Structures are given as C-alpha cells and as structure tokens.
Amino acid sequence: MTQNDVLDEFRSAGALLEGHFILSSGLHSPVFLQKMFVFQDPARTERVCKALAEKIEQAFGKVDYVVSPAVGGIVPGYETARHLGAKAIFVERENGEFVLRRGFTIPEGARVVMVEDIVTTGLSSRECLASLKEHPGTILGAACLIDRSGGKADLGVPFVSLVQLDIPAYPADQLPPELAALPAIKPGSRSLKSQKSV
C-alpha cells in the first residue's frame with residue numbers, strides 16, 4: 001500500500017478534515033485526521049493495518065506483543081497485532097500516567113512494538129514507551145499509520161509509519177491570522193479521564 005493509497009482511505013472515509021482544530025498535543029492545526037471515521041469500517045481498517053503490519057515485520061521481524069495507548073491506539077493496535085500473529089494490549093491513564101491495567105503483563109523475552117494511530121509531537125508515544133520500560137520484554141520500536149510530524153517526532157526508538165506528512169501545527173499564541181479567524185474545535189481524546197474498572 002503506497003502513501004497515496006493510505007491517504008485515499010482517509011479521504012474516502014471523510015477522515016481528512018480542514019478547519020481549526022486543537023490537537024491532543026494542545027497545538028492548533030488547519031488539518032485534522034479523524035481516524036475514527038476510518039476505524040468505523042472494519043474492511044478499511046483491515047487494509048491499512050495489514051499494510052502497517054507488513055511494514056513492522058520488515059523493520060523489526062517477529063513481534064510477540066503490540067502495545068497501544070488508549071483510546072485512539074486500541075483499534076489499530078488490535079488489528080495490526082492480528083496480522084502480526086501477536087497479542088494486543090494497551091496502556092491507560094491512571095493518575096495522569098500511562099500504565100498497563102486489566103491484568104495485562106509483558107513476559108520476559110517478549111518482542112514488543114508500540115503501535116499508534118497518528119503521531120504529531122510524539123508525546124503520547126513517548127509516555128507509552130516509558131511505561132513499558134518498567135516491564136520485562138524487549139521494545140523493538142514503534143509504528144503508526146500517519147506521522148504528521150514529517151519525520152521530526154523523536155520517540156527514542158526506531159519508528160516506522162505508513163505515511164509521513166508535514167502538516168503545520170501551532171502553539172495557541174502563534175496562530176496565523178487565517179487560522180485564528182476560525183472557531184476552534186477540540187476533537188481528540190487525551191483529556192478523557194480514566195475510570196475504575198468494575
């Protein structure tokens with residue numbers, strides 16, 4: 001699957017949005033990738049995640065565990081793990097920090113890749129990876145569907161993506177006039193509060 005093929009999947013799902021968006025990172029951007037419009041279609045999700053699994057296998061070889069940050073990474077993490085023949089688990093925020101919950105563990109010697117949906121600054125990815133360092137297993141690297149940093153995000157591990165885009169993102173106090181003139185929408189999920197499992 002080429003970069004254009006992946007972007008066509010987003011376009012045809014209505015997931016490539018233009019306007020004024022506040023990203024999960026807190027930065028403002030004229031473009032938002034509403035990946036949930038892609039993930040609501042299992043066949044479309046399978047196509048892009050199968051392509052990501054192939055890229056991961058080429059870069060890292062055999063993978064035992066795919067770990068993703070909740071909420072946005074759960075669907076692509078699961079579907080990518082399915083194509084890798086790996087287990088799929090995820091981290092959630094507890095007291096503001098990512099942790100493995102729900103009895104998830106990573107065994108000694110397991111080969112682990114972190115899978116994300118979209119990377120902008122890499123903050124969530126770095127937090128996810130930092131939480132995994134407390135567990136046994138070998139972190140091989142990280143992967144995402146779309147790297148909107150244009151390859152500038154440093155995750156501290158080898159990193160592959162299906163698509164690299166250089167989409168502008170601005171701090172709130174440095175907005176260009178044309179962006180500042182539009183009402184801001186905050187569509188991300190980072191601010192969701194973790195809930196206790198019952």
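Bear in mind that the values here come from a model prediction, so they are computed numbers and not experimental data. (Residues numbered from 1 in each chain as written. Predicted model: local features only at pLDDT ≥ 70, side-chain atom pairs only at ≥ 80, totals over all residues. Heavy atoms only, no water.)

Asks: Please explain the nonpolar core as it appears in this structure.
Replies: Soluble globular proteins tend to bury their nonpolar side chains together. In terms of nonpolar packing, the biggest core is built from 33 residues, with Phe10, Ile56, Val63, Ile146 and Leu162 touching the most fellow members. Only helix 1 (3–12), strand 2 (28–33), helix 2 (35–39), helix 3 (42–60), helix 4 (74–84), strand 6 (111–119), strand 7 (138–147) and strand 8 (159–164) provide two or more residues apiece to this core. Considering every element that reaches this core, the biggest residue donor is helix 3, with seven residues. Counting residues in hydrophobic clusters, the runner-up holds 15 residues, among them Val91, Leu132, Ala142 and Leu155. (Core = buried A, V, L, I, M, F, W, Y, C linked by side-chain atoms within 4.5 Å. Buried < 20%, exposed > 50% of the residue type's maximum accessible area, 1.4 Å probe, protein only. Helix = DSSP H or I, 4+ residues; strand = E, 2+ residues; numbered from the N terminus.)

Asks: Got a minute to help me understand the sheet that holds strand 5 (residues 97–100) in this structure?
Replies: Strand-to-strand pairing in sheets goes through backbone hydrogen bonds, with the strands running parallel or antiparallel. A sheet is described by the order of its strands in space; here six strands give the open sequence 5-4-3-6-7-8, paired in mixed fashion. The open sheet has two free edges, formed respectively by strand 5 and strand 8, since each of these has just one partner strand. Here the strands of the sheet are splayed against their neighbours by 25 degrees on average, with no regard to which way each runs. Two elements, strand 4 (residues 87–94) and strand 5, share four bridges in a ladder whose sense is antiparallel. Within the sheet, the bridge partner assigned to Glu94 lies in strand 5 and is Glu97. Packed onto the sheet, helix 1 meets strand 6, strand 7 and strand 8 and runs at close to 65 degrees relative to strand 8. Lying on the sheet, helix 5 (residues 123–132) is in contact with strand 3 (65–69), strand 4, strand 5, strand 6 and strand 7; it crosses strand 6 at an angle near 160 degrees. (Pairing = 2+ DSSP bridges. Axes fitted to C-alpha atoms, helices over the stretch in contact; angles between N-to-C directions. Contact = heavy atoms within 4.5 Å.)

Asks: Just to check I follow, could you spell out the pattern of salt bridges for this structure?
Replies: Across all of its chains, the model carries 13 salt bridges by this definition. The salt bridge partner of Glu9 is Arg44, with a shortest N-O separation of 2.7 Å. Here Glu9, found in helix 1, pairs with Arg44, found in helix 3; they are 35 residues apart in sequence, far enough to count as distant. Since its relative accessible area comes to 9%, Glu9 is described here as buried. The buried category is assigned to Arg44, whose relative accessible area is 12%. For Glu9, the salt bridge goes to Arg47, with nearest N and O atoms at 2.6 Å. (Salt bridge = Lys/Arg side-chain N within 4 Å of Asp/Glu carboxyl O.)

Asks: Sorry, what's going on with helix 1 here?
Replies: Think of an α-helix as turning once every 3.6 residues; residues three or four places apart then point the same way. Taken together, the buried positions of helix 1 are Val6, Leu7, Glu9 and Phe10. Buried residues of helix 1, viewed axially, fall in a sector of 150 degrees; they line one side. For helix 1, exposure combined with an orientation more than 90 degrees from the buried face picks out Asn4 and Ser12. Just past helix 1, the residue Gly14 takes up positive phi, approximately 70 degrees. (Arc of directions from axis to C-beta.)

Asks: Please clarify how the packing of helix 1 against helix 3 should be interpreted in this entry.
Replies: Look at helix 1 against helix 3: their axes get within 10 Å of each other, and the N-to-C directions meet at 160 degrees. On the basis of the axis angle, helix 1 is roughly antiparallel to helix 3. At the point where helix 1 passes helix 3, the crossing takes the left-handed sense. Across the interface between the two elements, Val6, Glu9 and Ser12 from helix 1 touch Arg44, Arg47 and Val48 from helix 3. Residue composition of the contact of helix 1 with helix 3, by class: two nonpolar, one polar and three charged. (Parallel < 35°, antiparallel > 145°, perpendicular 65-115°, else oblique. Left-handed = near helix turned anticlockwise from the far one by under 90°. Nonpolar A, V, L, I, M, F, W, Y, C, P; charged D, E, K, R; others polar.)

Asks: Even after reading the chapter, I still don't get the side chain of Ser131, so can you show me in this structure?
Replies: Assignment of secondary structure puts Ser131 in helix 5. If near-sequence neighbours (up to four positions away) are discounted, Ser131 is found in contact with Val91 and Phe98.

Asks: Sorry, what's going on with the confidence of the model for the chain here?
Replies: Low-confidence regions, as indicated by low pLDDT, have predicted coordinates that should not be scrutinised in detail. Across the chain, pLDDT averages 90, with 94% of residues at or above 70. In the predicted structure, residues 190–198 sits below a pLDDT of 50 and forms twelve contacts with residues beyond four places in sequence or in another chain. (pLDDT = per-residue confidence, 0-100.)

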